[in-house]
Amino acid sequence: MAFIPHTEAEVAEMLAAIGVASIDQLFDEIPASLRVRSLAGIPDAMNEMQIGKLMSARAQTDGRPLCFIGAGAYEHHIPAAVWAVATRGEFYSAYTPYQAEASQGTLQVIYEYQTMMASLTGMEVANASLYDGASALAEACLMAVRANRKSKAQRVLVPKSVHPHYRKVASATAGNQAVRFEEVAYSAAEGRTLASTLARFDGQDITALVIQQPNFFGVLEDVDALTDWARARNILIIAVVNPISLALLKPPGQWGAGGADIVVGEGQPLGVPLCSGGPYFGFMTTRMAHVRQMPGRLVGRTVDVSGRDGFTLTLQAREQHIRRARATSNICTNQGLLVTAATIYMSLMGPQGLARVARASHARACELSGALTRVPGVRNVFPSPYFHEFVVALDRPVAPVLQRLADRGILAGFDLAEHYPELGHALLVCATETKTSAEIERYANALGDVMKAARAA
Amino acid sequence: MSALREKVIFEYSRPGRGSRDQWPEEIEHASRIPGNFKRQAPPLLPEVGELEAVRHFTRLSQMNFSIDTHFYPLGSCTMKYNPKACNQYAMLPEFLGRHPLAPASHGQGFLACMFELQEMLKEVTGMQGVSLSPMAGAHGEFAGVAMIRAYHRARADLARTEIIVPEAAHGTNPATAMMCGCSVREIRVGADGDIDVAALQAAVGPHTAGIMLTNPSTLGIFERRIEDVARIVHAAGGLLYYDGANLNAILGKVRPGDMGFDAIHMNLHKTFSTPHGGGGPGAGAVGVSSRLLPFLPIPIVGRDGERYRWLEEADMPQSIGRLSAFMGNAGVLLRAYIYMRMLGRTGMSEVGDYATLNANYLLTRLKQAGFEAAYPQRRASHEFIITLKREARELDVNAMDFAKRLLDHGFHAPTTYFPLIVPECLLIEPTETESREVLDAFADAMIRIEREAREEPEYLKGAPHNLPVRRLDDVRAAKQLDLTWKPKEGV
């Protein structure tokens, strides 16, 4: 029996105590017509050794290719201590810390996490996390509608240089509440959003402007100018940022003269493995003035009846289990285990280590850019500054080139053809501190071979 | 619980200290980032050595209750054992290292697991299609109600914007309906705990988008007239949403699809034993009847011959769209897959069997000890409700006092004050993975606390006494918000 400890004798005694003849009798309130007759589609049970062999075989099928894809999920070195500690049963198998006295460990971790994220983003307060970066953006848009009392229009401006999946998640999530998303074009020459492009919205009722830094192309947006344009018009600024980059880049709290209002992003780069897309965590920080409009859990420090410091979930009156239909969101969860990992990661890195990761990632990306643009038929697309990701264009369709490189064990980047056909044969590539000069050379050489063979064919 | 107090990590910080072996090498290069983009002051992160960090977080872990260390009879939350194999085999390096946008050619092993997980979930719920992308129960609820709305819109039936929920529903149900732009109508529950069918009949109409139900209900009993409910809602043109929070009770016994539901979410972190992680990650896969198939959230794993691939917008043009940046909580889904394969066909229905046996046994023991069941004439499902209204009246102690004192006895508290319609309630769910001795020990602790309520009520009201902190001042926490550590207080 799977993880069921009962002996036959115990079952007999328990049934006798209840006063029924069989376990089946306990289901006598279920109409007989509804009872399951077979589960033919479920395979036979496997024991631990058998499932171990199956999973190992499946994992080996997928292999461990050399990966230069970024596009919202980034490979960084994860110190051994991060998951060794995070997977301790006391973190791994604990429930949500509603019983504060029995959850001080989880609560203190979240309090430390809130402190780190608020400082990293240059804001005053962080929540305990949301599902992922994209859903955090969706929640930020809904929050902006609640927080911007000067705007009635429920209109959010979203540059096309924001991650295309994020834009889709935002509209799938907030669209049912009549929030309107309007696309803002990017400069084809620079790969970023220009304040001059926003001029056509002057004088209109706009609720919020989304700014992603670095943007989906890896390019650095002129965040100061965009922020100042929005602030002068009572438009809230929603920043979408990469947390590793913030060791190097100006935090959203200091953008322009007044800073951003809501900051969200994908927390995955902070110690969370790529793992096919999840579980990750979305972070959200804001100004104290907006804290009651924030969705998700918050941990506060307080005292117990004997005056000792302790931690507890607070401002729960915003949440669904208290407020039901009038809650700020239906969200209950935070991605607690991932937040635990990220807090350990940031503690091991510290301000110096995190800055070194950011600098090394930028350095490897610069090295990769140099190596790839030396390959005949490859050119850099945008001349603008970038962090650890950039766009190159090939002189032929990207998809077949990517497939040939994948066959050689190299995942060479993200094909932009589907989302940005106007860029031609464009490819988004990324390098982090995990890439060595030898690996970059291997990629460039393989790309050269494949392009040469394609030209010859 | 060994640790009683642990400093905030910033209090260990010393300028210049660091876990240098974890940092990358400095690479000589000319930065191409102009000065006006750069950060001026470093962020407030601790500067500590690896051993200090490991000790700090290990000590913090020791200040938690968890399934690995404590019995957790938390009603509606299904805190069953999380098998270690599920974690180990989901964390194989190839799975951990796989990029979400890696081509399907480098993901056939992973995709095979996901495809088979979809198929097994369809089979065990009786639904026609499954999407794995929602990242929590509430996220799955959102997907379900969004699909119901999309269905009515596709039929140009635009007046259907009202969602019916029983008054005992989880708070997420009405909150989700509002997030989907619907209004909420609550209906009464009868004295026997079943939905008042006459009230339902009176509530439905051309404005009804659907009904959200949990079955067994949040009262821990099976909704016996579910076929009538389905008939009434469908006849009125609405659809039925199944909140899968209590699926563990009926696993292998009865299927939501056979009961007439059109959309369901499954809390994989409950029924399929993926870890709760101190508040997440969960996974809230959704299943649908044939009516809602075209609207499932993307991406979904499809199969062409022997090859697996993602189904995206082009394959599913009527989809409600994308709910996560990639494909949801893949690592959680892998754990659920491993668990389901280990259970197999027989194990699946044993879960329902033993979860129900344990709940009815513990209910029997507590009733014999004089505790009052909220629905004494009904069979418990996988959970049940004890009401302490008599204790509150006669002894001036409440459900919270019992809950806090249970912590001192080494048991996590049951769910308290939910559902809202039962006064002074404890919602108790033992799950199938607990042994009879543990259930007996819990019942004995309840009996001792009852005696203490008569003999030493003030001590009981001061509980807990044996934990790192005693009852916390929640009012102060909300009024004098202290949400981040400030350097001036420390070092």
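Quick caveat: nothing in here was measured; it's all calculated off a predicted structure. (Residues numbered from 1 in each chain as written. Chains lettered and ligands numbered in written order. Predicted model: local features only at pLDDT ≥ 70, side-chain atom pairs only at ≥ 80, totals over all residues.)

I tried to follow the overall build of chain A on my own but got confused; where do I start?
Within chain A, the secondary structure is distributed over 12 helices and 15 strands. If one aligns the C-alpha atoms of chain A with their principal axes, the spans along those axes are about 80 × 60 × 50 Å. Looking at chain A as a whole, 62% of its 457 residues are labelled buried. At a minimum sequence separation of 6, the contacts of chain A that also span at least 24 residues come to 76%. (Helix = DSSP H or I, 4+ residues; strand = E, 2+ residues; numbered from the N terminus. Buried ≥ 20, exposed ≤ 12 C-beta atoms within 10 Å, placed from the backbone. Contact = placed C-beta atoms within 7 Å.)

Quick question: what am I supposed to make of the overall build of chain B here?
The helix and strand inventory of chain B stands at 15 helices and 13 strands. Computed over the C-alpha atoms, the radius of gyration of chain B is 25 Å, within 12% of the 23 Å expected from 2.2 N^0.38 for a compact globule of 491 residues. Projected onto its principal axes, the C-alpha positions of chain B cover 75 × 70 × 45 Å. Here chain B holds 491 residues, and 60% of them are scored as buried. In chain B, 74% of the contacts between residues at least 6 apart in sequence involve partners at least 24 apart. (Rg over C-alpha atoms; globule rule 2.2 N^0.38 Å.)

I tried to follow the sheet that holds strand S11 (residues 378–380) of chain A on my own but got confused; where do I start?
Through backbone hydrogen bonds, the strands of a sheet pair up, either in parallel or in antiparallel fashion. All names here are of chain A. Reading across from one edge, S11-S12-S15-S14 is the order of the 4 strands in this open sheet, with antiparallel pairing throughout. Of all strands in the sheet, those bounded by a partner on one side alone are S11 and strand S14 (414–415). Both S14 and strand S15 (residues 426–430) contribute to a ladder of 2 bridges, which runs antiparallel. Within S15, the residue paired with phenylalanine 414 across the bridge is leucine 428. (Pairing = 2+ DSSP bridges.)

Just checking my understanding: could you explain the interface of chain B and chain A for this structure?
A common way to express how large an interface is: the accessible area buried when the components associate. Across the contact, 166 residues belong to chain B and 160 residues belong to chain A. Tallied by class, the residues present in the side of chain B that touches chain A amount to 85 nonpolar, 47 polar and 34 charged. (Nonpolar A, V, L, I, M, F, W, Y, C, P; charged D, E, K, R; others polar.)

Whenever I open this one, the pairing of strand S3 (residues 183–187) of chain B confuses me. Can you help?
Residue and element names in this part refer to chain B. The pairing of strand S2 (residues 162–166) with S3 spans 5 bridges and is classified as parallel. Considered in S3, the bridge of isoleucine 163 is made with valine 184. For the crossover from S2 across helix H6 (residues 172–179) to S3, the handedness is right-handed. (Right-handed = clockwise from strand over helix to strand, strands pointing away.)

Just to check I follow, could you spell out the domain arrangement of chain B for this structure?
Residue and element names in this part refer to chain B. Partitioning chain B into domains gives domain 1 (9–61), domain 2 (85–343) and domain 3 (351–476). Once you take the C-alpha centre of each, domain 2 and domain 3 turn out to be 31 Å apart. Listed as interface residues are 19 residues of domain 2 and, on the opposing side, 17 residues of domain 3. Among the residues making up the side of domain 2 that touches domain 3, the classes are represented as 10 nonpolar, 6 polar and 3 charged. (Domains from an automatic or database assignment.)

It is not clear to me how the packing of helix H1 (residues 8–18) of chain A against helix H10 (residues 330–368) of chain B should be interpreted in this structure. Could you clarify?
How two helices pack is summed up by the angle between their axes together with the distance between the axes. Between H1 of chain A and H10 of chain B, the shortest axis-to-axis distance is 9 Å and the interhelical angle comes to 50°. Overall, the two elements H1 of chain A and H10 of chain B adopt an arrangement that is oblique. Two packed elements cross with a definite hand, and for H1 of chain A against H10 of chain B that hand is left-handed. Note on element contacts: H10 of chain B touches H1 of chain A through Leu357, Asn360, Tyr361 and Thr364 of chain B, opposite Val11, Met14, Ala17 and Ile18 of chain A. Considering only residue class, the contact of H1 of chain A with H10 of chain B consists of 6 nonpolar, 2 polar and no charged. (Axes fitted to C-alpha atoms, helices over the stretch in contact; angles between N-to-C directions. Parallel < 35°, antiparallel > 145°, perpendicular 65-115°, else oblique. Left-handed = near helix turned anticlockwise from the far one by under 90°.)

Mind showing me how you'd approach the nonpolar core here?
For soluble globular proteins, nonpolar side chains are generally found buried alongside one another. Ranked by internal contacts, the top residues of the largest apolar core, which has 325 residues, are Leu137, Cys141, Ala144, Val210 and Ile238 of chain A together with Met147 and Tyr241 of chain B. Setting aside anything within four residues of it in sequence, one finds methionine 147 of chain B in contact with Ala263, Val288, Leu292, Phe295 and Ile320 of chain B. (Core = buried A, V, L, I, M, F, W, Y, C linked by C-beta atoms within 7 Å.)

Can you help me understand the environment of alanine 134 of chain A in this one?
Position of alanine 134 of chain A among the secondary structure elements: in helix H6 (residues 133–147). Under the C-beta neighbour-count criterion, alanine 134 of chain A is labelled buried, with 28 such atoms within 10 Å. Alanine 134 of chain A has contacts with His165, Tyr166 and Val169 of chain A together with Ser324 and Ala325 of chain B, leaving out every residue within four places of it along the chain.

For this particular structure, what's the right way to read the sheet that holds strand S6 (residues 263–265) of chain B?
All names here are of chain B. Spatial ordering of the open sheet is given by S1-S7-S6-S5-S4-S2-S3, a layout of 7 strands whose pairing is mixed. Edge strands, defined here as strands with exactly one partner in the open sheet, are strand S1 (129–131) and S3. Here the average twist between neighbouring strands, direction ignored, is 20°. In terms of strand pairing, S2 meets strand S4 (residues 208–213) through 3 bridges, oriented parallel.

Where do I start with the environment of glutamine 254 of chain A in this structure?
All names here are of chain A. Looking at the element boundaries, glutamine 254 is found in the loop between strand S6 (236–241) and strand S7 (262–266). On a C-alpha basis, the gap between glutamine 254 and valine 291 in space is 19 Å, while along the polypeptide they are 37 residues apart. If near-sequence neighbours (up to four positions away) are discounted, glutamine 254 is found in contact with Gly122 and Gly259.

How do you make sense of the domain arrangement of chain A when you look at a structure like this?
Residue and element names in this part refer to chain A. The domain boundaries assigned to chain A delineate domain 1 (66–75 + 351–456) and domain 2 (80–344). Relative placement of domain 1 and domain 2: their C-alpha centres are 29 Å apart. Listed as interface residues are 23 residues of domain 1 and, on the opposing side, 21 residues of domain 2. For the side of domain 1 that touches domain 2, the secondary structure elements donating two or more residues are helix H10 (336–373) and strand S12 (389–394). In terms of residue class, the side of domain 1 that touches domain 2 is built from 14 nonpolar, 6 polar and 3 charged.

Please explain helix H5 (residues 104–121) of chain A as it appears in this structure.
Residues lying three or four places apart along an α-helix face the same way, a consequence of the helix completing one turn every 3.6 residues. Residues and elements named next belong to chain A. Between the first and last C-alpha of H5 there are 26 Å, a value that for 18 residues agrees with the 26 Å anticipated at 1.5 Å per step. Here H5 lies mainly inside the structure; 18 of its 18 residues are buried. At the C-terminal side of H5, glycine 122 shows a positive phi close to 75°. (Expected span 1.5 Å × (residues − 1).)

I tried to follow the packing of H6 of chain A against helix H7 (residues 164–174) of chain A on my own but got confused; where do I start?
All names here are of chain A. H7 packs onto H6 with a crossing angle of 50° between their chain directions and a minimal axis gap of 8 Å. Here H6 is positioned oblique relative to H7, judged by the angle of their axes. Helix-helix and strand crossings are classified by hand; for H6 and H7 the assignment is right-handed. For the pair H6 and H7, contact is made by Gly133, Ala134, Ser135, Leu137, Ala138, Cys141 and Leu142 and by His165, Tyr166, Val169, Ala170, Thr173 and Ala174, respectively. Here the contact of H6 with H7 is built from residues that sort into 9 nonpolar, 4 polar and no charged.

Explanation requested: unusual backbone geometry in the structure shown.
Across residues other than glycine, the phi torsion is negative in most instances, and most of the peptide bonds are trans. Here the amide bond leading from glycine 278 of chain A into proline 279 of chain A is cis, since omega sits at 0°, within 30 degrees of zero. Structurally, proline 279 of chain A can be placed in the loop between S7 and strand S8 (282–286). With an omega of 5°, the peptide bond running from alanine 463 of chain B to proline 464 of chain B counts as cis. Looking at where proline 464 of chain B falls in the secondary structure, it is placed in the loop between helix H14 (457–461) and helix H15 (474–479). Positive phi values are uncommon outside glycine, yet alanine 71 of chain A reaches one of about 55°. Examined against the element boundaries, alanine 71 of chain A turns out to sit in the loop between strand S1 (66–67) and helix H3 (80–86). Positive phi is not limited to glycine here, since cysteine 275 of chain A has a value of about 40°. Looking at the element boundaries, cysteine 275 of chain A is found in the loop between S7 and S8.

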